[in-house]
Amino acid sequence: MALTEEPATTVRRMPAAKAAAPYAIAVAGLIAALILGFVIHAPTIWGLLPIGMYAVLSLCGMNLLLATVVSLLAAILLVHRSPTDVGTLLGTSLGDTVTLIGLICLLGAGLGEVLRQTGAAGILVHGILRMARRDSQLALHIGVMMSCLVLTFALGTLAGALAIAAPIVVPVMARAGLTRSTTATVMFLGGCAGLALAPFAGSNIAILDASGLDYGRYVLVGAGPLVVLSLALSLVVVPRVQRRSAAAGDDFYEDIDTGAGDEPSGARGVRATWAFAVGLGVSVGYATASKSGTAFPLLALPTMAALTAAAGGLSVKDTIDAFCRGAARMVETFLLFWMLAAFFLTVNELKPYDVLLDRFGPQLHGLAPLPFAIAVALLGWLGVPGATAAHVVLLNKVFGPLGTSIGLTPTAWAVTYLWGSKADTYGPYPNANMMAALGFAEGTRLRTLLTVGWTLLIPAAAMYALILALLL
């Protein structure tokens, strides 16, 4: 009896042990930081301990906000800050650029809810779909892809954009005989392309701030090529996915109201859409021409929300309610960036990078700019998953000064940060963006979406390596 029961007991305990592993690592790291805090002095290589903890805890699956708080506590223990000093640190961090990125994410979510409430978001999708011939699957897939791209570009969030687009595009795709896998593929490729372009997405704001590049140049050498490649590859990938999934016979939509998605749009919704489009165009144009910094979206996003709401006939109370309701969904993200700002300020006090530069600087300075940029991009791809903007900030803090000193230009840095932070969207493992597209399309074939991601990942990596070679 014991021989049959022992394996069963082991199987039951494994998930619990796996779930507890990040917390065991966190406790061990905090104890080590507490002890080391009594014996070390800045500058010290031990300042990398919180950075290492952050990477390990994130890769182990711990909630990113909790992983950041634990890593911040480790850094505080290393520098022996008093409670009063910790309070001052948190107050100072509120005005840090990193925290501003989190606030931009919060404001963008508020704008997205105003767009949804006024009907402007739906009108954007309907308007693009009307341009596509409903009797042509090719035209329809391009129309849906462009709808997801434009909506993600406008909102700066993929999941939020697909949540708005899905109720409109899924019935249209079902009516045309396209499968769930095809719909998920189109939404994924379009949404990810739009996310790379989005002028007020937190990740792109982080890239522009870290590289010092203006938005127009960023689109020309960074996001633009990815969008063109995504559209071009979709002409090959989407028909192939449709053929294979249709041949299986079990991937078609059932019990879908194929008349949905054709609701007429009201005059107020149309006015709201035009107000938003004009506001977005003016904001992007001004930001590009004036080379505005990270702070400009703090004015632009609420202003666009107010203009859209006023044109859409929302009362002041309804506007505030909608904006706050949308922003509330991103409170955790804002707290993440606030804690991350305090984390970096504390680590900088320990000056671990000064030690690294003194020890390895001569060898790294001898490295050519192109291999260095590719190495940073690869480290970004394999590094901390989940929070793309935080990812960019981390890469910039660790490698920015050194890369600039050996000849990386702002344009080259933008390309490096873009690919280093967004490559993991396409593989090698499932991620939140893939799951969002699959879920909203009501699909079940994750393997298909992984294959699609790799199909784009490989040529995109080669494309960006070529761009970097031309820039450097």
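Residues numbered from 1 in each chain as written. Predicted model: local features only at pLDDT ≥ 70, side-chain atom pairs only at ≥ 80, totals over all residues. Heavy atoms only, no water.

(A) Structural detail: empty space enclosed by the protein. Counted according to the given criterion, the structure contains two cavities of 30 Å³ or more. Volume-wise, the largest cavity comes out at about 50 Å³. What lines the largest cavity is simply Cys192, Leu195, Ala196, Leu226, Lys422, Thr425, Tyr426 and Asn433. If you tally residues by element for the lining of the largest cavity, the top one is helix H9 (residues 180-197), at three residues. Residue classes in the lining of the largest cavity are distributed as five nonpolar, two polar and one charged. Taken together, Leu111, Phe153, Ala154, Leu155, Gly156, Pro199, Phe200, Ala201 and Leu301 make up the lining of the second largest cavity. In terms of residue count, the dominant contributor to the lining of the second largest cavity is helix H7 (residues 137-155) (three residues). (1 Å grid on protein atoms, 1.4 Å probe; cavity = no way out; pocket = protein on both sides within 12 Å on 5 of 7 lines; lining within 4 Å. Points joined across faces, edges and corners; volume = space filled by probe spheres on them. Helix = DSSP H or I, 4+ residues; strand = E, 2+ residues; numbered from the N terminus. Nonpolar A, V, L, I, M, F, W, Y, C, P; charged D, E, K, R; others polar.)

(B) Region of the structure containing the packing of aromatic side chains. Under the counting rule described, the total for this entry stands at eight aromatic pairs. Judged by centre distance (5.9 Å) and plane angle (45°), the rings of Tyr54 and Phe343 are tilted. Here the residue Tyr54 occupies a position in helix H2 (residues 48-59), and Phe343 occupies one in helix H15 (residues 331-350), the gap between them amounting to 289 residues. Centroid distance Trp419 to Tyr464: 5.3 Å. Interplanar angle 35°. Geometry classified as tilted. Of the two residues, Trp419 is situated in helix H19 (residues 410-422) and Tyr464 in helix H21 (residues 446-471); the sequence distance between them amounts to 45 residues. (Phe/Tyr/Trp six-rings, centres within 6.5 Å; stacked < 30°, edge-to-face > 60°.)

(C) Quick look at a nonpolar patch on the surface. Among the surface-exposed residues, Val27, Ile31, Leu34, Ile35, Phe38 and Val39 lie close enough to one another that they form a single nonpolar patch of about 610 Å² accessible area. You can see Leu34 is positioned in helix H1 (residues 2-36). Owing to a relative accessible area of 40%, Leu34 belongs among the partly exposed residues under this scheme. (Patch = residues over 30% accessible without salt bridge, like charges linked within 9 Å, V, L, I, M, F, W, Y side chains within 5 Å. Areas by Shrake-Rupley, 256 points an atom, 1.4 Å probe, with all protein chains shown as cover. Salt bridge = Lys/Arg side-chain N within 4 Å of Asp/Glu carboxyl O. Buried < 20%, exposed > 50% of the residue type's maximum accessible area, 1.4 Å probe, protein only.)

(D) Structural context of the side chain of His141. With respect to the secondary-structure elements, His141 resides in helix H7. For His141, a relative accessible area of 2% gives the class buried.

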